[in-house]
Amino acid sequence: MDNLFFNEEHTMLVKMVRNFANSEIAPIVQDMDKKGKIPKEIISQMAELGLMGIPISKEYGGAGMDTVAYAAAVMEIAKVDASVAITMAAHTSLGSLPIAIAGTDEQKKKYLPRLASGEILGAFGLTEPSAGSDAGSTKTTAELDGDEYVINGGKIFITNSSIAGLLTITTNIIEHGENKGIGALIVETDNPGLKIGPKEKKMGWRASDTRQLFFENMRVPKENLLGQPTEGFKTFLKTLTGGRISLAALSCGTAEGAYQKALQYSTERKAFGKEIHKFQAIGFKLADMATEIEAAKLLTFHAAWMKDQGRDVTKQAAMAKLFASETAMRVTTEAIQIHGGYGYVKEYDVERFFRDAKILEIGEGTSEIQRIIISRELIKTFSKVA
Amino acid sequence: MNICVLIKQVPGSEAQFNVSGDGSWIQETELPYEMNESDNYALEEALQIREQKGAGEVVIVSLGPDRCQKVIREALAKGADRAIHINADAPYNTDPYSIASALANAVKDERFDLVLSGLQSDDLGFGQTGVILGEMLGMTTATLVVGTEVQEGKIKVKRELEAGWFQWQTMDLPASLAIQSGLNTPRYPSLKGIMTAKKKEIKKLNFVDICNVDELQSFAGLSVQHAEKQTEMIEGNIDQIVNRLVDVFKNEIRIN
């Protein structure tokens, strides 16, 4: 991995993030999981180190690093804690990048420096009770009234929603009685028309902030429209596929974190007079886990590298996300099995990795959606050849 | 306030060592290398002093082969301004006196107010280089430093003595201080620091060009004690074999 995809800066970044995660996050992981909250200091320390704006250009206060660097940082944090990793990834991939990709100069100047410096967190609202990957079924409406859009509707499962300073939401854009199609609007979270629901009681990612949003005649200035509806929105959604790379990286980190715990345990725990890794049943499990993690990392970094080359990563990002998330589920399951009964109690951490893994097969497009995307891409290229 | 920090690259604490074939050194390939631990604290102290004073430079000086660039870049990423790399290839000079004299020649025109070094290197651990260098440059010197307070033309240092005792000492500047681990919290390099490290100047010198003294001590060799296994084939008739076995059990393995 190091030599194939990493340059000197990547290697330094990985070392720094690994040290940070092990020294600052690891000691409080169980406490965060129990309390369902990430201390503000962790996020502000990350902001100070530049981790909240890795792929945002220097012009707007980011680090101006590439997708490989961003994926590597998400992966290192996820090896220790998925909740912190998703807070950073949702802020960056969903809260900041859409503005960097589709925003006007004014929008970029106004919002990106605050996001990239970590002064405020970003969030993205797409999912509704009956719309997620099927964005076309979005029910939320934004009706133009003078210089403002009046928004009604709501969103569910929104990461970072109560700690964010800025939201980007998808909505039907209605102008002069005509539905122009689905577009995106930037909403500052101190908007009086925004109501934020209570924290969801989730299986995993316990310390990550996930809530429901309600919009009641929420008024947003016209200039907050992000990109253009109809044509523009399709392109806009496509640029978001890059976000799947960060979920793939998060999956690799979750898998590796659990695998490292299992490997360690297998060298300490003895049964029938020898360390359990010496039993083929355990040794083969470890071999499979390590091999699958290596494959998932290669897919992830390859997709990231392709994105950095400016190439279309629709298929590669979906493949990386699909394989890495399913690897995380398998590896965390086996990590518990290797721990036996100890794996089922919270003290040994693999229990948390297992709970944190399941959402990876669901968020940012379920495994089923990824397979739809991949198969569509396969047919597309096949038709081109024929 | 211009500060020089001596930084050495040493094998990481988790490294597994093997002696090289001719017993002259360790096998270096695949060894993980890190910044010497106490040097990291010396660097942090230097950065904090510069921040307090609001002006001046922190200059890294490192002696060793090309791989040292890694720890030099790391120090630059944390905020040091520039570096001097004294290239020294294997076989490594392990004599603190000639190393200090090369360092002295490298920095003699720099007019540093402070030279900070780690208390000792985690590989050889002589703990002499910073003190000898200080003497060569005509500086006041102190070791086991666990606290600093810069004053007008002077520096007050806290030194760690035995049995939980500490000593405060005020010294004239310029001074060379050997820093004990744990006196501060070393920072992480920020992404901005990592991205700008490459653009900072690293002046390159060659050890052989700037070392003008003979070694006072040299390295004789390395060895590891091995437990040896011996197999003895007992031959002869049954009586001879049994007698020899009983002898081994009684007198060599000592089974009672």
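Here, the structure is the one placed above.
This write-up is about the structure you can find in this document.

Conventions used here
- Residues numbered from 1 in each chain as written.
- Chains lettered and ligands numbered in written order.
- Predicted model: local features only at pLDDT ≥ 70, side-chain atom pairs only at ≥ 80, totals over all residues.
- Heavy atoms only, no water.
- Contact = heavy atoms within 4.5 Å.
- Buried area = accessible area lost by both parts, 1.4 Å probe.
- Salt bridge = Lys/Arg side-chain N within 4 Å of Asp/Glu carboxyl O.
- Polar contact = N/O pair within 3.5 Å; in protein donor to acceptor, adjacent residues only side chain to side chain.
- Helix = DSSP H or I, 4+ residues; strand = E, 2+ residues; numbered from the N terminus.
- Nonpolar A, V, L, I, M, F, W, Y, C, P; charged D, E, K, R; others polar.
- Axes fitted to C-alpha atoms, helices over the stretch in contact; angles between N-to-C directions.
- Parallel < 35°, antiparallel > 145°, perpendicular 65-115°, else oblique.
- Left-handed = near helix turned anticlockwise from the far one by under 90°.
- Buried < 20%, exposed > 50% of the residue type's maximum accessible area, 1.4 Å probe, protein only.

### Considerations on the interface of chain A and chain B
Here is step 1 of the chain: On the side of chain B, 12 residues touch chain A, which itself brings 19 residues to the contact.
Here is step 2 of the chain: Of the roughly 1400 Å² buried where chain A meets chain B, counting both sides, 67% is carbon and sulfur surface.
Here is step 3 of the chain: Three residues, Glu9, Met12 and Lys15 of chain A, lead the burial of chain A against chain B; their summed loss comes to 39% of the area buried on that side.
Here is step 4 of the chain: On the surface where chain A and chain B come into contact, there are 4 salt bridges.
Here is step 5 of the chain: Arginine 73 of chain B is the partner of glutamate 8 of chain A in a salt bridge, and the nearest nitrogen-oxygen pair spans 3.7 Å.
Here is step 6 of the chain: For the pair chain A and chain B, the interface holds 4 residue pairs in polar contact (both at pLDDT 80 or more).
Here is step 7 of the chain: Per element, the largest residue contribution to the side of chain A that touches chain B is 10 residues, and it comes from helix H2 (residues 8-25) of chain A.
Here is step 8 of the chain: Looking at side-chain class alone, the side of chain A that touches chain B contains 9 nonpolar, 4 polar and 6 charged residues.

### A closer look at the packing of helix H11 (residues 314-339) of chain A against helix H12 (residues 350-358) of chain A
Residue and element names in this part refer to chain A.
Here is step 1 of the chain: Where H11 contacts H12, the axes come no closer than 9 Å and their chain directions differ by 160°. As summarised for this structure, H11 and H12 are arranged roughly antiparallel, according to the angle between their axes. Relative to H12, H11 is oriented so that their crossing is left-handed. Within the contact between the two elements, H11 uses Ala328, Met329, Thr332, Thr333, Ala335, Ile336 and His339 and H12 uses Val350, Glu351, Phe353, Phe354, Ala357 and Lys358.
Here is step 2 of the chain: Looking at the contact of H11 with H12, its residues break down into 8 nonpolar, 3 polar and 2 charged.

### Some thoughts on the side chain of arginine 352 of chain A
All names here are of chain A.
Here is step 1 of the chain: Along the polypeptide, arginine 352 turns up in helix H12.
Here is step 2 of the chain: A distance of 3.4 Å separates the side chain of arginine 352 from the backbone oxygen of valine 80, its partner in a polar contact.
Here is step 3 of the chain: Dropping the residues within four chain positions of it, arginine 352 is found in contact with Val29, Gln30, Asp33, Val80 and Asp81.

### Points about the pattern of salt bridges
Residues and elements named next belong to chain A.
Here is step 1 of the chain: A full pass over the atoms with the stated rule returns 38 salt bridges over all chains.
Here is step 2 of the chain: Of the charged contacts in the structure, one is a salt bridge between aspartate 33 and arginine 355, with a shortest N-O distance of 2.7 Å. Residue aspartate 33 is located in helix H3 (residues 29-35), and its partner arginine 355 is located in helix H12; the two are separated by 322 residues in the primary sequence. Just as aspartate 33 is buried, arginine 355 falls in that class too.
Here is step 3 of the chain: Here glutamate 334 ties to lysine 285 by a salt bridge, and the two come within 3.3 Å at their closest N and O atoms. Note that glutamate 334 is positioned in helix H11 and lysine 285 in helix H10 (residues 280-308), a separation of 49 residues in sequence.
Here is step 4 of the chain: Judged by relative accessible area, which is 27%, glutamate 334 ranks as partly exposed.
Here is step 5 of the chain: Through salt bridges that share partners, Arg18, Glu76, Lys79, Glu256 and Lys297 make up one connected network.

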